[in-house]
Amino acid sequence: MRILVLLSLLFLLPAATPAVAQQTTKPAASTATAPAGADVETLIRILEDDKARGRLINNLRAAAAEKPADKPSFLAVSDDPIAHQIAQYTRNAAESVAGMFGTLAGFVRQIADILSGAATVDIWALWNVMRNVTLVIAATFATYLALRLAFRQLQHTLAGAATRGFIRRVGVVGLSAAVDAATVLAAWGIGYVFALNIDQPGQTGINRALFLNAFLIVELIKVAARTLLAPRWSALRISGIDDTTAAYWYFWLSRLVSVIGYTFLFVAPIFAANVSRDAANVISVIVMFAALVMASAIVLQNRDAVRAHLTRRALVGRTDTLSRSLAAIAGIWHIIAIAYLTLVFVLWIVDHEAALPFVLAATIQSLIAITLGLLLIAFITRLASGGMQLPADVRERLPLLERRLNAFVPNVLRVVRAVVGVGVVLVITQVWQVVDFVGWLSTEIGQQFVTSLVSTFLILLVGGLIYLAVQSWVEYRQNPHFGTVPTPRQRTLLSLFRNAFTIVLAVMVVMLALSELGVNIGPLLAGAGVVGLAVGFGAQKLVQDVINGAFIQFENAMNEGDVVTAGGVTGVVERLTIRSVSLRTLDGAYQLIPFSSVDSVSNFMKHFGYHVAAIGVAYRENIPAVKQAMQDAFDRLRQTEFGQHIVGDLEMHGVTEFGASAVMVRARIMTMPGEQWAAGRAYNELIKEVFDERGIEIPFPHMTLYMGEDKQGKSPPLRIEPLNVGQPRSNAAKRKRRDTAAAEPGVRAPRRRKTKVKQDAPPGEGGPPDQAV
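Residues numbered from 1 in each chain as written. Predicted model: local features only at pLDDT ≥ 70, side-chain atom pairs only at ≥ 80, totals over all residues. Heavy atoms only, no water.

The subject of this paragraph is the packing of helix 8 (residues 243-274) against helix 9 (residues 277-301). One can describe the packing of helix 8 onto helix 9 by two numbers: an axis separation of 8 Å at closest approach and a directional angle of 170°. One finds that helix 8 runs roughly antiparallel with respect to helix 9. Listed contacts from helix 9 to Y248, W249, W252, L256, V259, I260, T263, F264, V267, A268, F271 and A272 of helix 8 are R277, A279, A280, I283, S284, V287, M288, A291, M294, I298 and Q301. Within the contact of helix 8 with helix 9, the residues separate by chemical class into 19 nonpolar, three polar and one charged. (Axes fitted to C-alpha atoms, helices over the stretch in contact; angles between N-to-C directions. Helix = DSSP H or I, 4+ residues; strand = E, 2+ residues; numbered from the N terminus. Parallel < 35°, antiparallel > 145°, perpendicular 65-115°, else oblique. Contact = heavy atoms within 4.5 Å. Nonpolar A, V, L, I, M, F, W, Y, C, P; charged D, E, K, R; others polar.)

Before going further, it helps to spend a moment on the sheet that holds strand 7 (residues 651-658). If you trace the three strands from one edge of the open sheet to the other, you get 6-8-7, paired in antiparallel fashion. With one partner strand each, in any of the chains shown, strand 6 (609-617) and strand 7 form the two edges of the open sheet. The sheet shows a mean angle of 25° between the axes of neighbouring strands, direction not considered. Across nine bridges, the pairing between strand 6 and strand 8 (residues 663-671) is antiparallel. Bridge pairing in strand 8 places A613 opposite A667. Taken strand by strand, helix 22 (residues 623-638) contacts strand 6, strand 7 and strand 8, and its axis lies near 25° from that of strand 8. Packing against the sheet, helix 23 (residues 676-694) makes contact with strand 6 and strand 8, and its axis sits at approximately 25° to strand 6. (Pairing = 2+ DSSP bridges.)

Let's shift gears to helix 13 (residues 333-350). If you check helix 13, its first and last C-alpha atoms are 25 Å apart, about what 18 residues at 1.5 Å a residue would give, namely 26 Å. Regarding helix 13, the residues found buried are W333, H334, A337, Y340, L341, V344, F345, L347, W348, I349 and V350. (Expected span 1.5 Å × (residues − 1). Buried < 20%, exposed > 50% of the residue type's maximum accessible area, 1.4 Å probe, protein only.)

Below, the discussion takes up the pairing of strand 2 (residues 569-576). Bridge count for strand 1 (residues 563-566) against strand 2 is four bridges, and the pairing is antiparallel. Along strand 2, the bridge assignment pairs T565 with T570. What sits between strand 1 and strand 2 in their antiparallel hairpin is a turn of two residues, with G567 showing a positive phi close to 65°. Where strand 2 meets strand 3 (residues 580-584), four bridges bridge the pair, whose relative direction is antiparallel. Bridge pairing links V572 to R584 in strand 3. Linking strand 2 back to strand 3 in an antiparallel pair, the connection comprises three residues.

Structure follows, in structure tokens:
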């Protein structure tokens, strides 16, 4: 609200000056110089000669057929150099200022002559004028004050009724404004009736009419200010400002309107008609300078408040273009405002016939352009910040579409917002005639430039929409909840197609955009070929990656979701490109492996899988019983949830190895692809349960202490020496006991027996299948 009032103030001061443009204009001399006698004789001879008369008529017709030259205006485009234009305008300005000071000096001399008696003034005529006008003024204002007192009581009632809903409040505010305007019209009408009853018509009547018209215009403007600010009644206030602020702004606006309006519409014309035009000019200059000082004081008083308002968006962390622009001008806005007011005042003094109307029209158009631009930018910013919300069924079918749109649409709106800002700047430069943008657009170069920009924007927009459409289609095809469930091969090919299409689309869009901007893409294509050849020689590893990747995809060696071993790394394939494969290992590490380092690929997800169960049992166990126990465990496995993933019966391989402490019995279970590890873990648990039930020993690493034996088959007694706690044993005693034990016949050092057990593990949990542990 404070910004709006300040803008109104900035416009109020220059807006009042055209009203006195004609009153402060010196009348041009309309003297016509009579033609000399020789010129008259020459004209007579031409008219008497038929041939000369015919040539004169033809010349006049040709001159009439020509297009009349446009009237020169302020800042009009001229063929003269810019330095000449500046010099000419500076000279005119200096002459106007000198003339104004001359007028002021003449007015001072007139006053001095009157005071000294050198000049006389018709005091009686002036008294008649002032008396009648004073009576009309007194009657009009007395009536207006009486009506205002009555209206104030009505306003109190309306303020109490304006607190019952927004629509009712708007209606009450409109009714209050209408009654307030009616009091002005009533006082103006009563003043006119009173003026008509005075007996002295003529010039005196014109003066009374000047006051009444000035009263009507000024007071109606103040009615608009009271409707907007409502300094006495907060309930009738449309704006959200407080009572103190409303009273402050109404105080200054009402006084500025009164001083400027009554001076230019009433006082200055009276002085011009009854005293002198110089006196009217001097009074106008003084009043305008006083208004300039008042407006500058108001700007300086509100410097900090407006600065805080302009930087409010930036202080809350907003970094958009509007916030940065407002923060940039926050520190210098008062300088710009005072400079503008001073410029208007100077132009009014210098050239109020051409310069001032131009400045006023350009100011109004600039304010309209800035207001519309700010509203449009604010709307676009709100639209971009709100994001896009898709329906639930669309989000379920295309989970990533909403995120892509919320990333794509704000960028487009950001470009549109920038275009709006540039458009506002161009409009301002056009209305101030800094740059003739409209005239440039009418040229062939301008039309080609604008057409190229529009075409480039449309190409980029269409390219972005095509990208969104293809990405959404690939996402829909890969969604297992809708349509046909894609196979791993289809998911892989779709991902590769998406990456390749994105690259091709980006290259085509860039080439088309450059072509529309006038760039010759032929040399670019040739240069791209040369660069590609150079890259091929310099980046042989990259070329090898691409070639290996292409053959791996052609041979369908792996797909997304497969468990593979590639480049010595085992994991799940998460992403496949034409150059590399990304694996997620069992411990969660993300491995990026270029295809140039892949010599072979082991895929554990092709067609089916095997769980190899290599079980080690003690040498004393009955092998057929062990096989039966393994078969029974397999039968139990079939009855669990893993049974649906088992393909075929248990393949019993039998004894495969005699280990150091165990006999290896191996069997194999065929499962569906990717289910071998879960089924194998469940089968191992069942094997343990069955072996425990039937007392089948699974060897484990242990130590056997062999004391030796004599010829009768008896072992010598074990000598145990008690150890006194807290008394350290000497090294000599340790060596003696060791030597004594070594000297006894039949005693051997303890021997550690190791048991070699083979067991299955999924890739990444213990190595590839059939690994010895």
